Amino acid sequence: MLSYTRPHFQLPSPEMAEPKSQQNLTLPPIRSLFFRELALVKPQKAHRIRLTRHQLSVLAHAFDITPYPDTDARNALSALLHIAPRTVQIWFQNKRQACRKIESSFPPVS
């Protein structure tokens with residue numbers, strides 16, 4: 001029958017230990033830990049904002065006046081409609097793209 005004996009480890013005496021300033025301390029790289037933690041956190045998707053009929057009619061009327069409103073006009077519309085200026089900007093971008101798509105579907109008149 002075989003018996004197992006644990007190996008004997010001897011701890012170094014305090015006199016033999018290296019001074020703390022000379023010890024080789026290896027810390028994990030901060031950058032790799034940061035990016036690993038970021039990979040675990042998923043950003044939350046923004047919820048879609050549905051506009052009311054009134055808001056859509058005001059935006060459509062503003063689009064008929066100018067398809068490229070400046071910042072002041074977008075801010076005025078957002079204050080009037082109680083929505084974010086970014087929402088107004090995205091609405092105008094989408095509306096311009098929809099108009100381009102409709103125009104490109106018609107054959108050119110010669």
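Here, the structure is the one placed above.
Below, the structure is looked at part by part. Predicted model only: the values in this text are computed from it and were never measured.

1. Remarks on the side chain of Arg96
- Tracing the backbone shows Arg96 in helix α4 (residues 85–105).
- One buried charge, Arg96, has no salt-bridge partner; the nearest side chain with opposite charge is Asp70, at 11 Å.
- Sequence-distant contacts of Arg96, that is, excluding residues within four places in its chain, are made with Phe63, Pro67, Tyr68 and Pro69.

2. What about the packing of helix α2 (residues 53–65) against helix α3 (residues 71–81)?
- For the pair α2 and α3, the least separation of the axes is 11 Å and the interaxial angle reads 160 degrees. In this view, α2 runs roughly antiparallel relative to α3, as classed from their interaxial angle. The hand of the α2/α3 crossing is right-handed. Together, His54, Gln55, Val58, Leu59 and Ala62 of α2 and Leu77, Leu80 and Leu81 of α3 make up the contact between the two elements.
- Residue composition of the contact of α2 with α3, by class: 6 nonpolar, 2 polar and no charged.

3. Quick look at the packing of aromatic side chains
- Taken as a whole and judged by the stated rule, the model has 3 aromatic pairs.
- Summarising the aromatic geometry, the rings of Phe63 and Trp91 are spaced 6.3 Å apart at their centres and angled 85 degrees between planes, so their arrangement reads as edge-to-face. Within this pair, whereas Phe63 is found in helix α2, its partner Trp91 is found in helix α4, the two being separated by 28 residues in sequence. The pair formed by Phe63 and Trp91 is uniform in burial state, with each residue classed as buried.

4. As for α4
- The first and last C-alpha atoms of α4 sit 31 Å apart over 21 residues, in line with the 30 Å expected at 1.5 Å per residue.
- Listing the buried residues of α4 in full gives Thr87, Val88, Trp91, Phe92 and Arg96.

5. As for α3
- Arg74, Leu77, Ser78 and Leu81 are the residues of α3 that are buried. Seen from one end, α3 has its buried residues packed into an arc of 100 degrees, which puts them on one side. Those residues of α3 that are exposed and angled more than 90 degrees off the buried face are Asp72, Ala79 and Leu80.
- Looking at the buried side of α3, the elements it contacts are α2 and α4.

6. Some details on the packing of α2 against α4
- At a minimum axis distance of 11 Å, the contact between α2 and α4 shows a crossing angle of 60 degrees. Crossing geometry of α2 relative to α4 is assigned as right-handed. Across the interface between the two elements, Leu56, Leu59, Ala60, Ala62 and Phe63 from α2 touch Val88, Trp91, Phe92, Lys95, Arg96 and Cys99 from α4.
- For the contact of α2 with α4, a count of residues per class yields 9 nonpolar, no polar and 2 charged.

7. What to know about the environment of Ser78
- With respect to the helices and strands, Ser78 occurs in helix α3.
- Along the backbone, Ser78 and Leu59 are 19 residues apart, and their C-alpha atoms lie at a distance of 9.8 Å.
- Beyond its immediate sequence surroundings of up to four residues, Ser78 is in contact with Ile83, Ala84, Pro85 and Val88.

Analysis parameters
Residues numbered from 1 in each chain as written. Predicted model: local features only at pLDDT ≥ 70, side-chain atom pairs only at ≥ 80, totals over all residues. Heavy atoms only, no water. Helix = DSSP H or I, 4+ residues; strand = E, 2+ residues; numbered from the N terminus. Buried < 20%, exposed > 50% of the residue type's maximum accessible area, 1.4 Å probe, protein only. Lys, Arg positive; Asp, Glu negative; His and termini not counted. Salt bridge = Lys/Arg side-chain N within 4 Å of Asp/Glu carboxyl O. Contact = heavy atoms within 4.5 Å. Axes fitted to C-alpha atoms, helices over the stretch in contact; angles between N-to-C directions. Parallel < 35°, antiparallel > 145°, perpendicular 65-115°, else oblique. Left-handed = near helix turned anticlockwise from the far one by under 90°. Nonpolar A, V, L, I, M, F, W, Y, C, P; charged D, E, K, R; others polar. Phe/Tyr/Trp six-rings, centres within 6.5 Å; stacked < 30°, edge-to-face > 60°. Expected span 1.5 Å × (residues − 1). Arc of directions from axis to C-beta.

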